[in-house]
Amino acid sequence: MELLKNKIKQDGIAVNEHILKVDSFINHQIDPVLMQEMGKDIAEHFKNRNVTKVATIESSGIAPALMTAVALKVPMIILKKQPSKILNQDLYQTVVTSYTKETNYELTLSKKYIGAEDHVLIVDDFLANGEAATAALRLLRMSHATIAGLAVLIEKSFQPGHEKLISQGIEVYALAQITEMSENHIRFKD
Ligand code: 5GP
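Residues numbered from 1 in each chain as written. Predicted model: local features only at pLDDT ≥ 70, side-chain atom pairs only at ≥ 80, totals over all residues. Heavy atoms only, no water.

1. Regarding the sheet that holds strand E5 (residues 91-97)
Right, so step 1: The mixed open sheet is built from eight strands, whose spatial order is E5-E6-E4-E3-E7-E8-E9-E10. What marks the edges here is a single partner per strand, and that holds for E5 and strand E10 (185-188). Neighbour-to-neighbour, the strand axes of this sheet turn through a mean angle of 30 degrees, independent of strand direction.
Right, so step 2: Relative to strand E6 (residues 104-110), E5 is paired through seven bridges, and the arrangement is antiparallel. Opposite Tyr 92, over in E6, you have Leu 109 as the bridge partner.
Right, so step 3: Against the sheet, helix H4 (residues 62-72) contacts strand E3 (53-57), strand E4 (76-82), strand E7 (119-127) and strand E8 (146-156), and its axis sits at roughly 175 degrees relative to E3. (Pairing = 2+ DSSP bridges. Helix = DSSP H or I, 4+ residues; strand = E, 2+ residues; numbered from the N terminus. Axes fitted to C-alpha atoms, helices over the stretch in contact; angles between N-to-C directions. Contact = heavy atoms within 4.5 Å.)

And the structure:
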């Protein structure tokens with residue numbers, strides 16, 4: 001998506017060869033018009049797939065997921081992060097390793113909001129190592145829901161997430177794919 005690529009070129013900050021900061025328009029301050037356009041683009045791509053729900057991982061996936069859900073006119077569910085590992089019968093629960101924070105956390109979803117009849121599109125801001133998306137898949141599959149695909153705003157294609165998801169039979173749709181990054185240069189896949 002040219003709009004997003006241009007914004008990344010203009011306002012994205014490659015902290016190093018691995019981490020891209022997009023705090024001024026995605027992660028901290030949000031550009032609502034860009035976010036809405038990105039949601040529409042994702043929805044357009046998945047429009048004939050009978051998606052019943054959009055799912056995301058709190059918190060930075062919420063904005064793009066909500067915009068996608070608005071465009072698809074389906075509910076959005078938030079997979080919630082919890083520090084404790086107290087077992088709860090009303091929840092599906094799984095453990096995730098955080099890429100940016102280098103810690104483990106528990107991801108949870110209430111059994112009330114998901115079921116075998118659901119066909120779910122997962123939306124997140126970044127795809128890096130694919131740990132968050134894989135955990136989301138694991139959680140959603142506990143309910144026997146089926147998966148329409150994974151949509152991300154930014155895929156860092158030089159990290160293993162894309163391959164990890166594809167090898168599990170999941171379609172990955174990325175609005176911008178970064179193939180290489182350094183402090184003064186960001187290269188996109190054409
Ligand atoms: P993964 O599980 O694919 O390694 O990482 C996914 C999560 O880590 C994303 O939801 C995102 O919140 C965060 N993340 C990974 N790489 C980056 C990055 O380069 N910049 C930012 N801002 N977040 C990232």
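2. Looking at the packing of aromatic side chains
Right, so step 1: As enumerated under the stated definition, the model contains one aromatic pair in all.
Right, so step 2: Across the ring face of Tyr 105, the terminal group of Lys 81 is positioned such that the distance to the ring centre comes to 4.9 Å.
Right, so step 3: Taking the ring centre of Tyr 92 as reference, the NZ or CZ of Lys 111 above it sits at 5.2 Å. (Phe/Tyr/Trp six-rings, centres within 6.5 Å; stacked < 30°, edge-to-face > 60°. Lys NZ or Arg CZ within 6 Å of the ring centre and 35° of its normal.)

3. Some words on the packing of helix H3 (residues 32-45) against H4
Right, so step 1: In the contact formed by H3 and H4, the axes pass within 7 Å of each other and the chain directions differ by 55 degrees. When the axis of H3 is compared with that of H4, the two are oblique. Between H3 and H4 the crossing geometry is right-handed. Contacts between H3 and H4 involve Pro 32, Met 35, Gln 36, Gly 39, Lys 40, Ile 42 and Ala 43 from the former and Ala 63, Pro 64, Met 67, Thr 68, Ala 71 and Leu 72 from the latter.
Right, so step 2: For the contact of H3 with H4, the per-class residue count stands at nine nonpolar, three polar and one charged. (Parallel < 35°, antiparallel > 145°, perpendicular 65-115°, else oblique. Left-handed = near helix turned anticlockwise from the far one by under 90°. Nonpolar A, V, L, I, M, F, W, Y, C, P; charged D, E, K, R; others polar.)

4. A word on the site of the ligand
Right, so step 1: In the vicinity of the ligand there are 17 residues, among which Leu 20, Asn 129, Gly 130, Ala 132 and Lys 156 approach most closely.
Right, so step 2: Between the ligand and Leu 20 there is a distance of 2.7 Å, counted from a nitrogen atom to a backbone nitrogen or oxygen.
Right, so step 3: Side-chain polar atom of Asp 125 to an oxygen atom of the ligand: 3.0 Å apart, as the coordinates give it.
Right, so step 4: Relative to its unbound accessible area of 510 Å², the ligand is 88% covered by the protein chains.
Right, so step 5: Sorting the residues of the shell around the ligand by element identifies E7 and helix H5 (131-142) as the ones contributing at least two each.
Right, so step 6: Per-element tally for the shell around the ligand: the top contributor is E7, with four residues.
Right, so step 7: Taken together, the residues of the shell around the ligand sort by class into seven nonpolar, six polar and four charged. (Near = heavy atom within 4 Å. Polar contact = N/O pair within 3.5 Å; in protein donor to acceptor, adjacent residues only side chain to side chain. Areas by Shrake-Rupley, 256 points an atom, 1.4 Å probe, with all protein chains shown as cover.)

5. Some points on the pattern of salt bridges
Right, so step 1: Taken as a whole, this structure holds ten salt bridges when the rule is applied.
Right, so step 2: For Lys 5, the salt bridge is made with Glu 2, and the minimal N-O distance between the two is 3.7 Å. Here Lys 5 and its partner Glu 2 are both found in helix H1 (residues 2-11), three residues apart, which amounts to about one turn of the helix.
Right, so step 3: Among the ionic pairs, Lys 21 bridges to Asp 23, the shortest N-O distance being 3.3 Å. (Salt bridge = Lys/Arg side-chain N within 4 Å of Asp/Glu carboxyl O.)

6. Things to note about H5
Every α-helical turn comprises 3.6 residues, leaving residues that sit three or four positions apart pointing alike.
Right, so step 1: Taking 1.5 Å of rise per residue, twelve residues should cover 16 Å, and H5 covers 17 Å from first to last C-alpha, within 8% of that figure.
Right, so step 2: Directly beyond the C-terminal end of H5, a positive phi value near 70 degrees is found at His 144. (Expected span 1.5 Å × (residues − 1).)

7. Notes on the packing of H1 against H3
Relative orientation and spacing of two packed helices are given, respectively, by the angle between their axes and the distance between those axes.
Right, so step 1: At a minimum axis distance of 10 Å, the contact between H1 and H3 shows a crossing angle of 140 degrees. As judged from the angle between their axes, H1 and H3 are oblique. Relative to H3, the crossing made by H1 is left-handed. Contact with H1, carried on its side by Leu 3, Leu 4 and Lys 7, involves Leu 34, Glu 37 and Met 38 of H3 and no other residues of that element.
Right, so step 2: A per-class count over the contact of H1 with H3 returns four nonpolar, no polar and two charged.

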